[in-house]
Each structure stands twice: as structure tokens, then as C-alpha cells.
Amino acid sequence: MSKELGRSQNFFSSENGAGDALWEYVQSLSSETISQLSKPDSIEVFQVMEQNIIGLLGSLPSEHFNVTISTNRDHLGKLLASAMMSGYFLRNAEQRLNFEQSLQAIDNNLQDDK
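Counting of residues starts from 1 at the beginning of each chain's written sequence and follows it residue by residue. Only residues with pLDDT of 70 or above have their local features reported here, since the model is predicted, and side-chain atom pairs are shown and tallied only from 80 upward, although totals for entire chains, interfaces and linings are computed over all residues. Only hydrogens and water are set aside when side-chain values are computed; all heavy atoms of the structure are taken into account.

Per an unreviewed UniProt entry, the chain goes by DUF760 domain-containing protein and derives from Candidatus Atelocyanobacterium thalassa isolate SIO64986.

Here it is in C-alpha cells:
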């Protein structure tokens, strides 16, 4: 996965003509990586991701409105990049929380042993 993350440095550049670098990066990700990145460990992170996407796309209830979203390629690329960056941020925060909870559990166990 680190090799794939290293490729992300160039996805904002326009060296590939009409901004195809982001699309090529997404296509180059393995299905295992996509699966790992798209399934958060906690329900809280899932809810934050869901609210972020709703905030980006709008929150009209589909049962009352015939919602259609249209955009151009550049705006869609920016939306995808924003969602990816939010996902990386949330995953990092989730890992840090798990790490801090593990350290606190170890500290509590050490205090109980005294």
C-alpha cells in the first residue's frame, strides 16, 4: 500500500493532459487497498464519513425529491480528491484513537497490578 500512496503525489498535476492523473491513480489501486480504505473500523468514523459526503453532495431526501447531480470532470475530480483526503484524515484519527485507548488500557492494567 505504501507504494500506492507514493503515487498520490502527482495526482493534482496536469502532466497527463486533461487531468487524468487522479483517475489513473484511482484505477491503479488494488481491490484489497480500496476495500481496506473504504471500511472504517468504528461506526463513529463511518458516520463522520457519511455526514461529510452528504455535506459535499447535499442532503435533500431522495424520497421527496428527484435528485440528480451533474458536474464536469474537473469538479468531480476535486470532489473525489476531497473525499480521499477526508478519508485519509479520518483513518489516521481512528488509528490514533485506537493507539491511545490501547496505551490507556495498558496503563490501567499496570495500576491495577500495583
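What follows is about helix H2 (residues 21–28). Partly exposed describes any residue whose relative accessible area lies between the buried limit of under 20% and the exposed limit of over 50%, with all areas from a 1.4 Å probe on protein chains only and scaled to the type maximum. Put simply, DSSP H or I for four residues or longer makes a helix, DSSP E for two residues or longer makes a strand, and each gets a number counted from the N terminus. Within H2, burial applies to Ala-21, Leu-22 and Tyr-25. Projection of H2 onto a plane perpendicular to its axis shows the buried side chains occupying an angular sector of 100°, all on one side. To be clear, the arc concerns the directions from the helix axis to the C-beta atoms.

We now examine the pattern of salt bridges. Any two side chains of opposite charge can pair if their charged atoms end up close together. Just to be clear on terms, a salt bridge is a Lys or Arg side-chain nitrogen sitting within 4 Å of an Asp or Glu carboxyl oxygen. Within the structure shown, the criterion is met by 2 salt bridges. In this structure, Glu-94 and Arg-91 form a salt bridge, with 3.0 Å as the shortest nitrogen-oxygen distance. One end of the pair is Glu-94 and the other is Arg-91, both in helix H5 (residues 73–113) and 3 residues apart, which spans about a single turn.

What follows concerns the packing of H2 against H5. One can describe the packing of H2 onto H5 by two numbers: an axis separation of 10 Å at closest approach and a directional angle of 50°. Between H2 and H5, the angle falls in the class oblique. For the pair H2 and H5, the sense of crossing is left-handed. Here Leu-22, Tyr-25 and Val-26 of H2 come into contact with H5, specifically with Gly-77, Leu-80, Ala-81, Met-84 and Tyr-88. Working convention: axes come from line fits to C-alpha atoms, limited for helices to the stretch in contact. Angles between N-to-C directions cover 0 to 180 degrees. Put simply, angles under 35 degrees are roughly parallel, angles over 145 are roughly antiparallel, angles from 65 to 115 are roughly perpendicular, and the rest are oblique. The crossing is said to be left-handed when, going from far helix to near helix, the turn is anticlockwise and less than a right angle, and right-handed when the turn is clockwise. A contact between two residues is defined here by any heavy atoms of the two lying within 4.5 Å.

Further remarks concern the side chain of Glu-94. The exposure class of Glu-94 is buried, given its relative accessible area of 3%. Between N or O atoms, a polar contact is any pair within 3.5 Å; within protein, one atom must be a potential hydrogen donor and the other a potential acceptor, and residues adjacent in sequence are included only when both atoms are from side chains. A polar contact of 3.0 Å, which involves the side chain of Glu-94, links it to the side chain of Arg-91. Those residues in contact with Glu-94 that lie beyond four places of it in its chain are Pro-40, Asp-41, Ser-42 and Val-45.

Bringing the nonpolar core into the picture now. Take the buried residues of types Ala, Val, Leu, Ile, Met, Phe, Trp, Tyr and Cys, join any two whose side-chain atoms come within 4.5 Å, and each joined set is a nonpolar core. Formed by Leu-22, Tyr-25, Leu-29, Ala-81 and Met-84, the largest nonpolar core amounts to 5 residues. Contributing elements (two or more residues each) for this core: H2 and H5. Each residue touching Met-84, except ones within four places of it in the same chain, is listed here: Leu-22, Tyr-25 and Val-26.

The next subject is the packing of helix H4 (residues 43–57) against H5. Put simply, H4 and H5 touch, their axes get as near as 11 Å, and they point 160° apart. One finds that H4 runs roughly antiparallel with respect to H5. The handedness of the crossing between H4 and H5 comes out as right-handed. Contacts between H4 and H5 involve Val-45, Val-48, Met-49, Asn-52, Leu-56 and Leu-57 from the former and Leu-79, Ser-82, Ser-86, Leu-90 and Glu-94 from the latter.

So, about H4. By definition here, a helix of n residues has an expected span of 1.5 Å times n minus one. Compared with the 21 Å implied by 1.5 Å per residue over 15 residues, the 21 Å span of H4 between its first and last C-alpha is a close match. Directly after H4, the chain includes Gly-58, whose backbone phi takes a positive value near 110°.

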